[in-house]
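Working through the structure, step by step
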Amino acid sequence: MTRTHPTTLIALALVGLVIGYLVELGTAATGRAVFVPPLSLPIALVAIAAVVIAFAVPIRRAVTGRSKARIDPFRAMRVAALAKATSLSGALLLGGGIGVLVYLLTRTAIPGLGSVWMTVAAAAAAAILLAAGLVAEFFCTIPPSNDDSDEEVGAHA
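As the structure is a prediction and not an experimental result, all values here were calculated from the model.

Rules behind the numbers
- Residues numbered from 1 in each chain as written.
- Predicted model: local features only at pLDDT ≥ 70, side-chain atom pairs only at ≥ 80, totals over all residues.
- Heavy atoms only, no water.
- pLDDT = per-residue confidence, 0-100.
- Contact = heavy atoms within 4.5 Å.
- Core = buried A, V, L, I, M, F, W, Y, C linked by side-chain atoms within 4.5 Å.
- Buried < 20%, exposed > 50% of the residue type's maximum accessible area, 1.4 Å probe, protein only.
- Helix = DSSP H or I, 4+ residues; strand = E, 2+ residues; numbered from the N terminus.
- Axes fitted to C-alpha atoms, helices over the stretch in contact; angles between N-to-C directions.
- Parallel < 35°, antiparallel > 145°, perpendicular 65-115°, else oblique.
- Left-handed = near helix turned anticlockwise from the far one by under 90°.
- Nonpolar A, V, L, I, M, F, W, Y, C, P; charged D, E, K, R; others polar.
- Phe/Tyr/Trp six-rings, centres within 6.5 Å; stacked < 30°, edge-to-face > 60°.
- Patch = residues over 30% accessible without salt bridge, like charges linked within 9 Å, V, L, I, M, F, W, Y side chains within 5 Å.
- Areas by Shrake-Rupley, 256 points an atom, 1.4 Å probe, with all protein chains shown as cover.
- Salt bridge = Lys/Arg side-chain N within 4 Å of Asp/Glu carboxyl O.

Describing the confidence of the model for the protein chain
Overall, the predicted model of the protein chain reaches an average pLDDT of 88, with 93% of residues at or above 70. Scored below 50 in pLDDT, residues 151-157 shows zero contacts in the model against residues more than four places distant or in partner chains.

In structure tokens form, the structure reads like this:
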């Protein structure tokens with residue numbers, strides 16, 4: 001499994017931004033109330049970020065040699081996949097939160113301060129989720145070996 005590329009994260013954030021803005025615009029155009037993220041969304045995103053990091057820490061300890069406990073390779077792969085999914089969904093949610101925020105701040109009517117702060121909190125929590133996914137993905141990588149025999153074999157091949 002390869003590490004998450006920044007271009008993928010940027011593309012997902014831009015997709016989320018466009019979708020978030022257009023959904024808010026469409027909702028307001030039909031006369032319905034615009035979406036304001038509830039307080040539970042940032043709390044849930046930060047809790048998910050903490051759980052993902054908690055899953056990745058034992059793998060990091062085993063990789064660096066701080067722990068003698070053996071880690072099941074299937075568990076490590078599942079945590080790495082979870083970390084990648086977390087970073088991708090964090091980028092998408094961050095873009096969506098910024099899209100909603102851009103819509104709220106560009107309206108002619110001044111939005112309520114509570115709705116702006118809740119949207120900022122959701123976007124910040126999505127950024128925390130994105131960062132936690134990238135950190136957990138880093139925790140699940142195996143450092144390159146410094147074995148000279150591997151370099152000699154590669155040089156002769």
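Now that the structure has been shown, we can carry on.
Here's the deal with the nonpolar core
The biggest cluster of nonpolar side chains holds 11 residues, and these are Leu9, Leu45, Ala49, Ala91, Leu94, Ala123, Ala125, Ala126, Leu129, Leu130 and Ala132. Of all the secondary structure elements, the ones that give two or more residues to this core are helix 2 (40-64), helix 3 (73-105) and helix 4 (113-139). Sorting elements by how many residues they give to this core places helix 4 first, with six residues. Every residue in contact with Ala49, bar those within four places of it in the chain, is listed here: Ile128, Leu129 and Ala132. By size, the runner-up hydrophobic cluster in this structure holds 10 residues, among which are Ala56, Ile59, Ala76 and Phe139.

Details of the packing of helix 2 against helix 3
At a minimum axis separation of 10 Å, helix 2 and helix 3 run at an interaxial angle of 150 degrees. Considering the angle they form, helix 2 stands roughly antiparallel to helix 3. Judged by the sense of rotation from one axis to the other, the crossing of helix 2 with helix 3 is left-handed. Of the residues in helix 3, those touching helix 2 at Leu45, Val52, Phe55, Ala56, Pro58 and Ile59 are Arg75, Ala76, Val79, Leu82, Ala83, Thr86 and Leu93. Tallied by class, residues from the contact of helix 2 with helix 3 come to 11 nonpolar, one polar and one charged.

Notes on the packing of aromatic side chains
Under the definition given, this model contains two aromatic pairs. Taken together, a centroid distance of 6.3 Å and an interplanar angle of 50 degrees make the contact between Phe138 and Phe139 tilted. The exposure class of Phe138 is partly exposed, given its relative accessible area of 38%. The exposure class assigned to Phe139 is buried, which follows from its relative accessible area of 19%.

Digging into the packing of helix 3 against helix 4
The interhelical angle for the contact between helix 3 and helix 4, taken along N-to-C directions, is 160 degrees, at an axis separation of 7 Å. By the angle between their directions, the pair helix 3 and helix 4 is classed as roughly antiparallel. Relative to helix 4, the crossing made by helix 3 is left-handed.

Comments concerning the environment of Val34
Of note, Val34 is situated in the loop between helix 1 (6-29) and helix 2. Taking the C-alpha atoms as reference points, Val34 and Ser115, 81 residues apart in sequence, are found 9.8 Å from one another. Once you skip the residues sitting within four places of it in the chain, Val34 turns out to touch Glu24, Thr27, Ala28, Tyr103, Leu104 and Arg107.

Quick notes on a nonpolar patch on the surface
A cluster of nonpolar side chains, namely Val15, Ile19, Val23 and Leu92, defines an oily patch on the protein surface of about 320 Å² accessible area. Counting residues per element, the nonpolar patch draws most heavily on helix 1, which supplies three residues. With respect to the helices and strands, the residue Ile19 is situated in helix 1. Since its relative accessible area comes to 48%, Ile19 is described here as partly exposed.

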